[in-house]
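# Reading the structure
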Amino acid sequence: MLAVVRGIRQEMTGSFILVGVINFIRVPQLPVVAFKLGLFNRWTAGVGQFTETARLVGPDQTTVLRKGEVKFALQEPTTQATNVTVFGQVEFKVAGIYYVEVLVDDVMKLRYPVPVIVAPPQNQGQPPQAPREPAS
């Protein structure tokens, strides 16, 4: 299971609550700063000690905006490890396709796009204005 979320809470029972699971980021203008983005990964079907590396990569596919590492262990194939990486104060300067990359022991396991889209707000409650005729 993998999710990019705006917030992650944990109940007293240990269960997680994911807030604002996203597939893209829509903003009215750029640049914009995301207060925090959380990356939620769950691993299973392995045995041993591992290091998960999560990266947020810019549209140029080379600039690493944020990076986090988490060490985890799986005692037997039926156990699970849940890792949460929080990227704080992420500045998006340009629109485009950003990428989340997840590696385990330096081997790429997941890479998926997170588009950043600029969509100016619509004039809510106001009728659309007719285009003006050019002055002669």
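In this text the structure is predicted, and so the values were computed from the model without any measurement.

### Looking at the packing of aromatic side chains
- Tallied over the full model, the rule gives three aromatic pairs.
- With 6.2 Å between their ring centres and 15° between their planes, Trp43 and Phe72 make a pair best called stacked. Residue Trp43 is found in strand β5 (residues 32–44), and its partner Phe72 is found in strand β7 (residues 64–74); the two are separated by 29 residues along the sequence. Across the pair, exposure class does not vary: Trp43 and Phe72 are buried alike.
- Pairing Phe50 with Phe72 gives two aromatic rings, centres 5.3 Å apart and planes at 25°, and the pair type is stacked.

### Quick look at the side chain of Thr53
- As for its placement among the helices and strands, Thr53 is situated in strand β6 (residues 48–57).
- A relative accessible area of 6% means that Thr53 is categorised as buried.
- If we ignore the near neighbours within four places in the chain, the residues touching Thr53 are Lys67, Gly68, Glu69, Glu101, Val102 and Leu103.

### Regarding the pattern of salt bridges
- What the rule picks out here adds up to two salt bridges.
- The residue Glu101 makes a salt bridge to Arg55 at a minimum N-O spacing of 2.7 Å. With Glu101 in strand β9 (residues 96–104) and Arg55 in strand β6, the pair connects residues that are 46 residues apart, well separated along the chain.
- The exposure class of Arg55 is partly exposed, given its relative accessible area of 22%.
- Between Arg111 and Glu101 there is a salt bridge; the shortest N-O distance is 2.9 Å. Here the residue Arg111 occupies a position in strand β10 (residues 107–118), and Glu101 occupies one in strand β9, the gap between them amounting to ten residues.
- Assessed through its relative accessible area of 8%, Glu101 is described here as buried.

### As for the sheet that holds β7
- Reading across from one edge, β4-β10-β9-β6-β7 is the order of the five strands in this open sheet, with mixed pairing throughout. This sheet does not close on itself; its edge strands, each paired only once, are β4 (25–27) and β7. Sheet twist, expressed as the mean angle between neighbouring strand axes with direction ignored, is 15°.

### Re the environment of Lys109
- Looking at the element boundaries, Lys109 is found in strand β10.
- On the basis of relative accessibility, which here comes to 47%, the residue Lys109 falls in the partly exposed class.
- C-alpha of Lys109 to C-alpha of Glu52: the two residues are 57 residues apart in sequence and 9.6 Å apart in space.
- Excluding residues within four positions of it along the chain, Lys109 makes contact with Trp43, Val102, Leu103 and Val104.

Rules used in this analysis
- Residue indices follow the written sequence of each chain, beginning from 1 at its first position.
- pLDDT decides what is reported in this predicted model: residues at 70 or higher carry local features, side-chain atom pairs at 80 or more are listed and counted, and totals for whole chains, interfaces and linings draw on all residues regardless.
- For the side-chain quantities, the full set of heavy atoms in the structure was used; hydrogens and water were omitted.
- Each Phe, Tyr or Trp ring, with Trp reduced to its six-membered ring, pairs with another whose centre is within 6.5 Å; inter-plane angles below 30 degrees give stacked pairs, above 60 give edge-to-face pairs, and intermediate values give tilted ones.
- We count a stretch as a helix when DSSP gives it H or I for four or more residues in a row; a strand needs E for two or more, and each element gets its number in order from the N terminus.
- Residue burial is assigned from relative accessible area. The probe radius is 1.4 Å, only protein chains are included, and a residue is buried under 20% of its type maximum, exposed over 50%, and partly exposed in between.
- Throughout, a contact is declared for two residues whenever any of their heavy atoms are within 4.5 Å.
- We define a salt bridge as a side-chain nitrogen of Lys or Arg found within 4 Å of a carboxyl oxygen belonging to Asp or Glu.
- Strands qualify as paired when DSSP identifies two bridges or more between them.
- With axes taken as lines fitted to C-alpha atoms, and helix axes fitted only over the stretch in contact, angles between N-to-C directions fall between 0 and 180 degrees.

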